Amino acid sequence: MQSLAQYSAAIIQLPPTEGALLRSGLDSACLFFHQRGYNSSEVVHSDDTHEWCKTSGYYVDPQMWLEMYDYRPGVTLTEPNGAMELPPSGLPDIFAVLGKVSRDILDAISFSLNLRSCAFTDILDNIPLRSQEVSSSVLSACCHSRPSFEAAQQHNIDSQDEGQLLIFSDQDQQMDKTLLTLVRSDRSGLYVKDMHGRWILVDGDLSPHDVVVYPGLALYQETAGYVNPAVHKTEVGNLQGCMFGRCSLVFKLMPRSVARLSGSEMRAAGHGVDAQFQVPIPVNDFMQTGHSVDQLFPKDTEPSPHADQDSASFNYVMKKKNGSTRTKPLPPSKRLRLEAQRVLKERVQDIADKKGIKLRFCNIKDCESHIRSLDSPCENIRTEIGWPQGVPFVHPHDLPNKAKLGFLEAYEPGWAASQQEIESQPQ
């Protein structure tokens, strides 16, 4: 969760047998696209949001120089002549492996947010699928810029200066409408924007069994904004001399089409939920609603340009995060919020668990009168866990900044002084 909060991505390591299965699947995908001809009559990827849970088989996106083969359980594909279409090998087994892994990651996120076990089960597909059901989640074999792909040939990138990265426009920024996306590629090129607006190469130094995972908009909605969606781009400007292009396996864990995203589990766990997340929204409606990067993440400051980023991989950045490299400090209000959430998890929740207390926070307006009463509904809990006097018993996310300071000082005496000491250190 620390990695997702800071970098909007994380790296997980699969067991060797499952890592070998992904490697075999990637090799098969490369051969599948390499042996396949292309003509203008091929199925072109549609932007029709009504079709989000129906895509299957082979299609192309000429503008992105991208070919895809979607494997979706519950769909049997045929060629135009009626013959059954032969996909890249191993996709059903890879779908099962990454489906289980993604659900394990969701359980870990549930735990870190203090949600009940299996909190997301109600919005996921059945396992196994019932008769006549079609999977909402999908596994895509992808190929960027295959040399024999006509659209890629027509687009001749002016890159005489070898080693120069392709510069992206703002329109290239993407956010998936998934709960989680898991990606494994045969060569690096996936960039994700971190919390400071910098582009980080996240797949540049992976071991053979590593997979990149990043959250999507559906998880952002279901967790009431507590897990931000990743903003990502794919760099495909340095594939000269590569006969296969850049191949990837992309698993998208999706909510089932008949579910509703409501944030109810967050409220039940006592988290503050903003008004925009309090009205349940059907998944089909959510998928047909536009979500722009600028709407979710207004440009407070100009992010670092992609071309100026060093070529350090995500793993390298992770190794350096505790070293001498310094980053721009967070705004005071955001730092207070993150610190209050950390102390709630590390200190308050630990005290409550040891005493067998279930934290049920009050509404802030109601609790302003509670803290002045000796016989309030939350008096016993506040006393048992050492909640600071005069601070409303609400989720720290909803406390005013002054009350957050009182909360932090109560559970970590000297917190404010330590922050002043850190800020006074030379940059």
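Remember, predicted model here, so these are calculated numbers, not experimental data. (Residues numbered from 1 in each chain as written. Predicted model: local features only at pLDDT ≥ 70, side-chain atom pairs only at ≥ 80, totals over all residues. Heavy atoms only, no water.)

### Some remarks on the sheet that holds strand β6 (residues 190-193)
Point 1. The strand order across the open sheet formed by three strands is β7-β6-β9, and the pairing between neighbours is antiparallel. Either end of the sheet is taken by a strand with one partner, and the two such strands are β7 (199-201) and β9 (232-234). Here the strands of the sheet are splayed against their neighbours by 30° on average, with no regard to which way each runs.
Point 2. Direction of pairing for β6 relative to β7: antiparallel, over a ladder of three bridges. Considered in β7, the bridge of V192 is made with I200. (Pairing = 2+ DSSP bridges. Helix = DSSP H or I, 4+ residues; strand = E, 2+ residues; numbered from the N terminus. Axes fitted to C-alpha atoms, helices over the stretch in contact; angles between N-to-C directions.)

### Here's the deal with the sheet that holds strand β8 (residues 210-215)
Point 1. With antiparallel pairing, seven strands are arranged side by side in an open sheet as β1-β8-β5-β10-β4-β3-β2. Both edges of this open sheet fall to β1 (10-13) and β2 (57-61), since each of them pairs with a single strand only. For this sheet, the mean angle separating the axes of adjacent strands, direction not counted, is 25°.
Point 2. Lying on the sheet, helix α2 (residues 16-35) is in contact with β2, β3 (66-71), β4 (138-144), β5 (180-185), β8 and β10 (246-253); it crosses β10 at an angle near 120°. (Contact = heavy atoms within 4.5 Å.)

### Considering the side chain of S376
Point 1. Note that S376 resides in the loop between α11 (364-370) and α12 (379-385).
Point 2. A polar atom in the side chain of S376 sits 3.1 Å from the side chain of R382.
Point 3. Setting aside residues up to four positions removed in sequence, S376 forms contacts with H370 and R382. (Polar contact = N/O pair within 3.5 Å; in protein donor to acceptor, adjacent residues only side chain to side chain.)

### With respect to unusual backbone geometry
Point 1. Cis geometry is found at the peptide bond from I127 to P128, where omega equals -10°.
Point 2. Along the chain, P128 turns up in the loop between α3 (91-112) and β4.
Point 3. Not every positive phi belongs to a glycine, and Q132 is a case in point at roughly 75°.
Point 4. Counting through the fold element by element, Q132 comes out in the loop between α3 and β4.
Point 5. A relative accessible area of 76% means that Q132 is categorised as exposed.
Point 6. A positive phi angle is found at A224, which is not glycine, with a value near 55°. (Buried < 20%, exposed > 50% of the residue type's maximum accessible area, 1.4 Å probe, protein only.)

### Quick notes on the packing of α2 against α3
Point 1. Relative to each other, α2 and α3 sit at 135°, their axes nearing to 10 Å. In terms of axis orientation, α2 runs oblique to α3. The two elements α2 and α3 meet at a crossing, and its hand is left-handed. Counted together, E18, L21, L22 and G25 of α2 and D93, I94, V97 and L98 of α3 form the full contact between these two elements. (Parallel < 35°, antiparallel > 145°, perpendicular 65-115°, else oblique. Left-handed = near helix turned anticlockwise from the far one by under 90°.)

### Things to note about the packing of helix α10 (residues 332-354) against helix α13 (residues 401-411)
Point 1. The N-to-C vectors of α10 and α13 enclose an angle of 40°; their axes lie 10 Å apart at closest approach. One element, α10, and the other, α13, form an angle in the oblique class. The handedness of the crossing between α10 and α13 comes out as left-handed. On α13, the residues touching S333, L336, R337, E339, A340, V343, L344, R347, V348 and I351 of α10 are N401, K404, L405, F407, L408 and Y411.
Point 2. Across the contact of α10 with α13, the residue classes break down as 10 nonpolar, two polar and four charged. (Nonpolar A, V, L, I, M, F, W, Y, C, P; charged D, E, K, R; others polar.)

### Description of the confidence of the model for the protein chain
Point 1. Mean pLDDT for the protein chain: 79, with 76% of residues reaching 70 or above.
Point 2. Note that pLDDT drops below 50 for residues 319-327; the model gives that stretch 11 contacts with residues more than four away or on any other chain. (pLDDT = per-residue confidence, 0-100.)

### Digging into the packing of aromatic side chains
Point 1. The final tally for this structure, using the stated rule, is 13 aromatic pairs.
Point 2. A centroid spacing of 5.2 Å and a plane angle of 70° characterise the contact between F95 and F251, whose relative ring orientation is edge-to-face. One end of the pair, F95, is in helix α3; the other, F251, is in strand β10, with 156 residues separating them in the sequence.
Point 3. Classification of F95 as buried rests on a relative accessible area of 14%.
Point 4. Taking the centre distance of 5.5 Å and the plane angle of 80° together, the rings of Y220 and F277 count as edge-to-face. (Phe/Tyr/Trp six-rings, centres within 6.5 Å; stacked < 30°, edge-to-face > 60°.)

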